[in-house]
Every structure is written in structure tokens, then in C-alpha cells.
Amino acid sequence: MNRYETMYLRELYDWSLNGHSCWEDFLTIAYNDYWMGSIDFEKYGYIELTLFGKCLTIFENNGLHEVSRLIDEVLEEIEEEETETV
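Procedures and definitions
Residues numbered from 1 in each chain as written. Predicted model: local features only at pLDDT ≥ 70, side-chain atom pairs only at ≥ 80, totals over all residues. Heavy atoms only, no water. Disulfide = S-S within 2.5 Å. Buried < 20%, exposed > 50% of the residue type's maximum accessible area, 1.4 Å probe, protein only. Helix = DSSP H or I, 4+ residues; strand = E, 2+ residues; numbered from the N terminus. Expected span 1.5 Å × (residues − 1). Contact = heavy atoms within 4.5 Å. Salt bridge = Lys/Arg side-chain N within 4 Å of Asp/Glu carboxyl O.

Novice: Teacher, can you tell me more about the state of the cysteines here?
Specialist: Two cysteines whose sulfur atoms are joined by a covalent bond form what is called a disulfide. Evaluation of the coordinates by the stated rule reveals 0 disulfides. With no disulfide partner, Cys-22 has as its closest neighbouring cysteine sulfur the one in Cys-55, 8.5 Å distant. We classify Cys-22 as buried; its relative accessible area is 1%. A relative accessible area of 0% places Cys-55 in the buried class.

Shown next as C-alpha cells:
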């Protein structure tokens, strides 16, 4: 299992709940979605840059397909948690 990768992704997602676009920005890169426009890193602070950077390191040992699978795994986990709270 890719524990550190999913942990990094989850940290970025959780931080984005504070009103930051860092999760959506990472998805734009991970899904190679250049139609979404460029990412404005000027609105990022230290925490956003650090979390975003950690997620980018996932590409060091994983291809695009695997990173997409990891994102889907995290999204599924989040969906399960939301279902449990309802």
C-alpha cells in the first residue's frame, strides 16, 4: 500500500477545506487538465506550498495512472466518511 502518498493527498485535501484551492490545483496537474488555466501560486502561503510540494513528490515513483488511482482512493475514503456522518 502507498501509505505516505495517500497521507500527503489527504493532508492537502483537508487543508483545502479552509478555503484554499490547493487540492483543486493539484488535481488540475494530476489529471493533466490544461484547460483549467494556470495555477496562481502567489495566493499560496508556506503551508500550501509545502503540502502541494509533498504531493508533487508522489510523481517521483509513480506514473500518472497510479497517481490518479491514489487520488481516487482518497476521494473514496472521503466519500465513505461523509456517508458515515449522515
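Novice: Is there a simple way to explain helix H1 (residues 3-16) in this structure?
Specialist: For an α-helix, the turn length of 3.6 residues means that residues three or four places apart are oriented alike. Taking 1.5 Å per residue, 14 residues should reach 20 Å; H1 reaches 20 Å between its end C-alpha atoms and fits that length. Considered for burial, the residues of H1 that qualify are Glu-5, Thr-6, Tyr-8, Leu-9, Arg-10, Leu-12, Tyr-13 and Ser-16. Elements in contact with the buried residues of H1: helix H2 (22-30), helix H3 (46-56), helix H4 (58-61) and helix H5 (64-85).

Novice: Even after reading the chapter, I still don't get the pattern of salt bridges, so can you show me in this structure?
Specialist: Working definition: two side chains of opposite charge can pair if their charged atoms are close together. Here the structure, examined in full by the defined rule, presents 6 salt bridges. Across the pair Arg-10 and Glu-77 runs a salt bridge whose closest N-O atoms are separated by 2.8 Å. Placement of the pair is Arg-10 in helix H1 and Glu-77 in helix H5, with a sequence separation of 67 residues. The shortest N-O distance in the salt bridge between Glu-73 and Arg-69 comes to 3.0 Å. Note that Glu-73 and Arg-69 are positioned in helix H5 at a spacing of 4 residues, about one turn of the helix. Judged by its relative accessible area of 25%, Glu-73 falls in the partly exposed class. Here Arg-69 falls in the partly exposed class, since its relative accessible area comes to 35%. Each of Arg-10, Asp-14, Glu-77 and Glu-81 takes part in one network of salt bridges that share partners.

Novice: Explain the environment of Ser-21 here, please?
Specialist: Positionally, Ser-21 belongs in the loop between H1 and H2. For Ser-21, a relative accessible area of 19% puts it in the buried group. Residues Ser-21 and Lys-43 lie 22 residues apart in sequence; the distance between their C-alpha atoms is 9.2 Å. With near-sequence residues (within four places) excluded, Ser-21 lies in contact with Lys-43 and Tyr-44.

Novice: What's the story with H2 in this structure? I'm lost.
Specialist: Along H2, 7 of the 9 residues are buried, which leaves the element largely enclosed by surrounding structure. Restricting attention to buried positions, one finds in H2 the residues Cys-22, Trp-23, Asp-25, Phe-26, Leu-27, Thr-28 and Ala-30. Summarising the contacts, the buried residues of H2 are in contact with H1, H3, H4 and H5. Downstream of H2 by a residue or two, Asn-32 has a phi angle that is positive, lying close to 55 degrees.

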